[in-house]
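What follows is the residue order along each chain.
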Amino acid sequence: MPKSFYITTPIYYPNAAPHVGTAYSTIVCDVVARYKRLTGYDVKFLTGVDEHGQKIQEAADKNGYTPQQWVDKMSLNFTTLWEKLNISNTDFMRTTQERHINSVREIVKRVNDNGDIYKGEYWGKYCVSEETFVPENQLVDGKYMGKEVIDVKEVSYFFKLSKYEDALLKYIEEHPEFIKPEGKKNEVVAFIKQGLQDLSISRTTFDWGIPLELEEGHVIYVWFDALTNYLTGAGFAKDPEEFANVWTNGTVNHVIGKDILRFHAIIWPAMLMSAGIKLPETIAAHGWWTVEGEKMSKSLGNVVNPAEEVEKYGLDPFRYYLMREATYGQDADYSKRAMVQRINSDLANDLGNLLNRTIGMQKKYFDSKVVLNEVTDTFDAEIKALWEEVLVNIEKRMNEYQFSEALKEIWKFISRMNKYIDECEPWKLAKDEDSKDRLSTVMYNLVEGLYKIAALISPFMPDTAQKMLNQLGLEVDAEKMKLEDVKAWGAYPVGGKLNAAEPIFPRVEFEEEPKKEYNENLTIENPITIDDFSKVEIKVVEIIKASKIEGADKLLKFIVNTGKEKRQIVSGIAKWYPNEQELVGKKVMAVLNLEPVTLRGELSQGMLLTTTEKKKTKLVIIDNEVKLGTTIR
Ligand code: MSP
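Residues numbered from 1 in each chain as written. Predicted model: local features only at pLDDT ≥ 70, side-chain atom pairs only at ≥ 80, totals over all residues. Heavy atoms only, no water.

Q: I tried to follow the overall build of the protein on my own but got confused; where do I start?
A: A count of helical and extended segments in the protein gives 20 helices and 26 strands. A compact globule built from 633 residues should have a C-alpha radius of gyration of about 26 Å, whereas the protein, at 34 Å, is more than 25% larger. For the protein, the spread of C-alpha atoms along the principal axes amounts to about 115 × 70 × 40 Å. Long-range contacts, defined here as pairs at least 24 residues apart, represent 74% of the contacts in the protein between residues at least 6 apart. A total of about 30,500 Å² of accessible surface is found on the protein, and carbon and sulfur atoms cover 49% of it. Placing the 82 positive and 97 negative side-chain charges of the protein at their respective mean positions leaves the two points 5 Å apart. (Helix = DSSP H or I, 4+ residues; strand = E, 2+ residues; numbered from the N terminus. Rg over C-alpha atoms; globule rule 2.2 N^0.38 Å. Contact = heavy atoms within 4.5 Å. Areas by Shrake-Rupley, 256 points an atom, 1.4 Å probe, with all protein chains shown as cover. Lys, Arg positive; Asp, Glu negative; His and termini not counted. Charge placed at Lys NZ, Arg CZ, Asp CG, Glu CD.)

Quick look at the structure:
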């Protein structure tokens, strides 16, 4: 039976639409999943959404939905995009599912049975946006990573995380492959060595979560809930046979972003140790994407929408670009110029041309039939040797999550094949009848090389691999291919016939877009309609009398001419106008349809508009030429 390989993405908060960062995590997993299938594994690939917690509950409230309605609606953004990106996940987790709730209950029970849960009180800061408890020493200007924190003082159940310090350090040391890449591992070790605090795992001030069975009124902390999704997806608390196969005896691999490394490399393994469950084989943390050199953020309005990029550049170029551009583990920059360059040079030029030229020549010289009367040359030995080398390197690079390097290996082979054409000069061979057999060998090697390239790129660009196979006249399903079948030179069946050449990668032009001078995607806080606004009657009035009010040092009272009548208006600006007489004769703006009020015994029949800057308040003075009674819109 093929060995089981289990790979997971983080489960995303469905609050925000997926972007290039989340697409990257998911594409990375897809590439690994497809590569493992290609190399003979039985792959289980889980992705999903993280649906509980305060952040979701607040977003649902704000948008006028119940939390369940909200996550039902928002999780569709993810399923739709993954389909569009050709993601081959075998499961989709939603943490509101019954199977997951059972699995979380089971892990809490096991951890509790192990004596690792106790009741206490959490008193400190909490960052809702990151769903994390924040120690004081991690606050900068009262914020956590630039995000707001709130004060929490709640009775809470705690997990004895501190108990696992030594066991964690030992495990990490004994399993150098556990945390990838190396630099991230060192970060985790250093963090653990500073000492771990026990973790609060229940909340009581909201209820959108899985109830903690130990005590009513507590819901399980969202990260304790979310991490467990990986077990749920492997059949935990549901199907012991599947769980043994996928988790206990299989290889378990978590792909995550660097910001959630501590949850995965510290809390998660400690939970598993406490519950007596085997630890995952790999936790691979990737870096973050910036966009054209800037941090990606809603407020900057530069969030990259993967679906739009796919429309613009095509799916496989988008997938290729992400995998080629980032060095796994480090931050990477998403840039239009680099994208266009990769498409034109790596895809259209190197790969596209190799396919096109080969198919064109085969047609011209052999009427598209693949024949082979072998006459070899030193160049042949060179390409075959390179192929062997590439095979070994690819396996190594893929297992180390060095995707960019793996692609470079494939492109080394593609470039060598292009060079092979130039070296062998088929057009010259074709002119001489005596060279016909040599020509058949050269052309065969080119077709064979392309077949092999199709296999190697299939995890990265499945559609392109399929197109290549079709043009090569092979009735092979790219998704069912096995690398084993194409490893040896001579995999292409002699006597086959190529199909017509069709360009697989159209070239694209780089157009410098003028930088937007404003943010099109701005969110307006508390929006009102124009009808709401027109309810307010604001007019230009003239101050005809100004005086102090006895016993109220903050207030001044004015008699103003509205153009229709005289009114009295009281305003809290005395501090800023010690000589109130200077205001007489000035034209200012007033709201005239406010309900009248009495302030310190004085009737006020409107409100004067002011500005406040650097704590100093001033009346908005209108140019004298503007007519009295003019409406302000
Ligand atoms: N729900 C948690 C994960 C729970 S896993 C048990 C979560 N969700 S998230 O939606 O906020 O983030 C999901 C992933 O997106 C994280 O791995 C994070 O690193 C990644 N990214 C968010 N912005 C990113 C970039 N700009 N670039 C790359 N990845 C980024 O955290």
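Q: Please clarify how the nonpolar core should be interpreted in this entry.
A: The nonpolar side chains of a soluble globular protein tend to be buried, and buried together. Ranked by size, the top nonpolar core spans 104 residues in total, and within it Leu85, Phe403, Ile410, Trp411, Ile453 and Phe460 carry the most contacts. Residue-level mapping places this core at the junction of two domains, with at least three residues from each of domain 1 (4-286) and domain 2 (335-485). Once residues lying within four places of it in the same chain are set aside, the contact partners of Leu85 are Ala23, Ile27, Val310, Leu315, Phe318 and Arg319. Among the nonpolar cores identified, the runner-up in size contains 66 residues, and Val128, Val188, Ile256 and Leu279 belong to it. (Core = buried A, V, L, I, M, F, W, Y, C linked by side-chain atoms within 4.5 Å. Buried < 20%, exposed > 50% of the residue type's maximum accessible area, 1.4 Å probe, protein only. Domains from an automatic or database assignment.)

Q: Would you take a moment to explain the pattern of salt bridges for this structure?
A: Side chains bearing opposite charge may pair, as long as their charged atoms lie close to each other. For the structure on display, the rule yields 44 salt bridges. Asp91 is paired through a salt bridge with Arg99; the nearest N and O atoms lie 3.0 Å apart. According to the relative accessible area criterion, Asp91 is buried, its value standing at 15%. Judged by relative accessible area, which is 21%, Arg99 ranks as partly exposed. One continuous salt-bridge network, built from bridges that share partners, spans Asp30, Arg34, Arg319 and Glu479. (Salt bridge = Lys/Arg side-chain N within 4 Å of Asp/Glu carboxyl O.)

Q: Mind showing me how you'd approach the sheet that holds strand β13 (residues 289-291) here?
A: Pairing in this open sheet of three strands is mixed, and the strands run β14-β13-β15 from one edge to the other. The sheet terminates laterally at β14 (294-295) and β15 (332-334), the two strands that pair on one side only. Pairing geometry for β13 and β15, over three bridges, is parallel. Across the sheet, Val291 pairs through a bridge with Tyr334, a residue of β15. (Pairing = 2+ DSSP bridges.)

Q: Just to check I follow, could you spell out the site of the ligand for this structure?
A: Around the ligand lies a shell of 23 residues, among which Ile11, Asp50, Gly257, Asp259 and Trp289 are the nearest. Residue Tyr13 places a main-chain N or O atom 3.1 Å away from an oxygen atom belonging to the ligand. Within the side chain of Trp288, a nitrogen or oxygen atom sits 3.3 Å from an oxygen atom of the ligand. Its free accessible area being 670 Å², the ligand has 91% of it covered by the protein chains. Sorting the residues of the shell around the ligand by element identifies β1 (4-12), α1 (20-38), α7 (222-227), α8 (229-232) and β11 (251-257) as the ones contributing at least two each. Among the residues making up the shell around the ligand, the classes are represented as 13 nonpolar, eight polar and two charged. (Near = heavy atom within 4 Å. Polar contact = N/O pair within 3.5 Å; in protein donor to acceptor, adjacent residues only side chain to side chain. Nonpolar A, V, L, I, M, F, W, Y, C, P; charged D, E, K, R; others polar.)

Q: Sorry if this is basic, but what is going on with the side chain of Glu154 here?
A: Mapped onto the elements of the fold, Glu154 is located in strand β6 (residues 150-159). Engagement of the side chain of Glu154 in a polar contact is seen with the side chain of Arg203, the distance being 3.2 Å. Once you skip the residues sitting within four places of it in the chain, Glu154 turns out to touch Gly120, Glu121, Tyr122, Ser202, Arg203, Thr204 and Thr205.

Q: Would you take a moment to explain helix α14 (residues 378-399) for this structure?
A: An α-helical turn contains 3.6 residues, so any two residues separated by three or four positions project in the same direction. Taking 1.5 Å of rise per residue, 22 residues should cover 32 Å, and α14 covers 32 Å from first to last C-alpha, within 8% of that figure. At its buried positions, α14 is contacted by α1, α15 (403-424), α17 (436-457) and α19 (483-486). (Expected span 1.5 Å × (residues − 1).)

Q: How should the side chain of Asp225 be read in this particular structure?
A: Locating Asp225 in the fold gives a position in helix α7. Buried charged residue Asp225 carries no salt bridge. Nearest counter-charge: Arg105, at 10 Å. Engagement of the side chain of Asp225 in a polar contact is seen with the side chain of His100, the distance being 2.8 Å.

Q: Sorry, what's going on with the pairing of strand β24 (residues 616-619) here?
A: On a regular strand, each side chain points to the face opposite its neighbour's, so the side chains alternate between the two faces of the sheet. Only one face of β24 is buried, namely the one carrying Thr617 and Leu619, since none of Lys616 and Lys618 on the opposite face is buried. Alignment of strand β23 (residues 610-613) against β24, held across four bridges, turns out to be antiparallel. What sits directly across from Thr610, in β24, is Leu619. Linking β23 back to β24 in an antiparallel pair, the connection comprises two residues, with Lys614 at a positive phi of about 45°.

Q: Explain the sheet that holds strand β2 (residues 42-49) here, please?
A: Each strand in a sheet pairs with another by means of backbone hydrogen bonds, the pair being arranged parallel or else antiparallel. Pairing in this open sheet of six strands is parallel, and the strands run β3-β2-β1-β11-β12-β7 from one edge to the other. Since the sheet does not close on itself, it has two edges, and those belong to β3 (91-94) and β7 (179-180), each with one partner. Pairing of β7 with strand β12 (residues 282-286) involves two bridges; the strand directions are parallel. Residue pairing across strands places Ile179 opposite Ile283, the latter belonging to β12.

Q: Looking at this structure, I do not really get the layout of surface pockets. What am I missing?
A: In this approach, a probe sized like a water molecule rolls over the atoms, and the result shows the empty space that is left. Of the voids in this model, the second largest pocket is the one considered here, and its volume is about 330 Å³. Looking at the second largest pocket, it is lined by 17 residues, and the ones nearest its centre are Lys180, Pro181, Glu182, Glu400 and Gln402. Secondary-structure elements contributing two or more residues to the lining of the second largest pocket are β7, α6 (182-193) and α15. The residue inventory of the lining of the second largest pocket, partitioned by class, reads six nonpolar, five polar and six charged. (1 Å grid on protein atoms, 1.4 Å probe; cavity = no way out; pocket = protein on both sides within 12 Å on 5 of 7 lines; lining within 4 Å. Points joined across faces, edges and corners; volume = space filled by probe spheres on them.)

Q: What's the story with the packing of helix α13 (residues 336-366) against α15 in this structure? I'm lost.
A: At a minimum axis distance of 10 Å, the contact between α13 and α15 shows a crossing angle of 45°. Between α13 and α15, the angle is such that the two are oblique. Relative to α15, α13 is oriented so that their crossing is left-handed. When α13 is examined against α15, the residues Asp346, Leu347, Asp350, Leu351, Leu354, Arg357, Thr358 and Met361 are found in contact with a partner set consisting of Trp411, Ile414, Met417, Asn418, Ile421 and Asp422. Here the contact of α13 with α15 is composed, by residue class, of eight nonpolar, two polar and four charged. (Axes fitted to C-alpha atoms, helices over the stretch in contact; angles between N-to-C directions. Parallel < 35°, antiparallel > 145°, perpendicular 65-115°, else oblique. Left-handed = near helix turned anticlockwise from the far one by under 90°.)

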